[in-house]
Amino acid sequence: MTGTMRFAAIADVHGNYLALEAVLADIREQSIDDIVNLGDMASGPLDARRTMDMLMALDAVHVLGNHDRYLIDRPPEKMGSWDRPAHAQLDAVHLDWLRAVPKTSVFRDEVFLCHATPEHDEIYWLETVQPDGAVRMSSRDAIEARAAEITQSLILCAHTHVARAVRLSDGRMIVNPGSVGSP
């Protein structure tokens, strides 16, 4: 990356508007103007409508998370327990807005953004789920293989709610900022 770029990365708000308010207040207090949002915005047990209203009002770059996709790609009766209540709180304007959110994006030509991995919004990038259900750090080879086609020096992902940074052998960095609303 050239020069100094200050921005905030948020992810996995999951309808927790109180946590989002606190995070946005902290971002403003630090005089950071640019925000990227890595998805999973509304689905969760709290206040999907208020959360979506806040996120839609932000001048931010957004990418779609798996739970965002669930709200727009299936009927409510096929949704899970986190998505059905959120869907019931949302209006057409919220759902139409989500439909326009890309799965991946590039911020300022220098930062690659996705929810989970570039190819799929449900696959952990920096961690691997073991057969016994335990979550472990992924191998460097597996992490780097998923980054092979990405040219940006900074890659942001989310999905796991685990804050982590991994430096690749070529110097690029992959960062998961963790979760705003559902740690």
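Residues numbered from 1 in each chain as written. Predicted model: local features only at pLDDT ≥ 70, side-chain atom pairs only at ≥ 80, totals over all residues. Heavy atoms only, no water.

Let us look at the pairing of strand β10 (residues 173-176). Relative to β10, strand β8 (residues 154-156) runs parallel, the two being bridged by three bridges. Among the inter-strand pairings, L156 is bridged to a residue of β10, identified as V175. Here strand β9 (residues 164-167) runs beside β10; their pairing, made up of four bridges, is antiparallel. When the bridges of β10 are listed, R167 appears paired with M173. Between β9 and β10, which pair antiparallel in sequence order, lie five residues; one of them, G171, sits at a positive phi of approximately 100°. (Pairing = 2+ DSSP bridges. Helix = DSSP H or I, 4+ residues; strand = E, 2+ residues; numbered from the N terminus.)

Right, let's talk about helix α1 (residues 17-29) for a bit. Compared with an ideal rise of 1.5 Å per residue, which puts 13 residues at 18 Å, α1 spans 18 Å between its outermost C-alpha atoms and is within 8% of the ideal. Along α1, the residues classified as buried are Y17, A19, L20, L24 and I27. Buried residues in α1, looked at end-on, bunch into an arc of 150°, giving them a common side. Exposed side chains of α1 directed beyond 90 degrees from the buried face belong to L18 and E29. (Expected span 1.5 Å × (residues − 1). Buried < 20%, exposed > 50% of the residue type's maximum accessible area, 1.4 Å probe, protein only. Arc of directions from axis to C-beta.)

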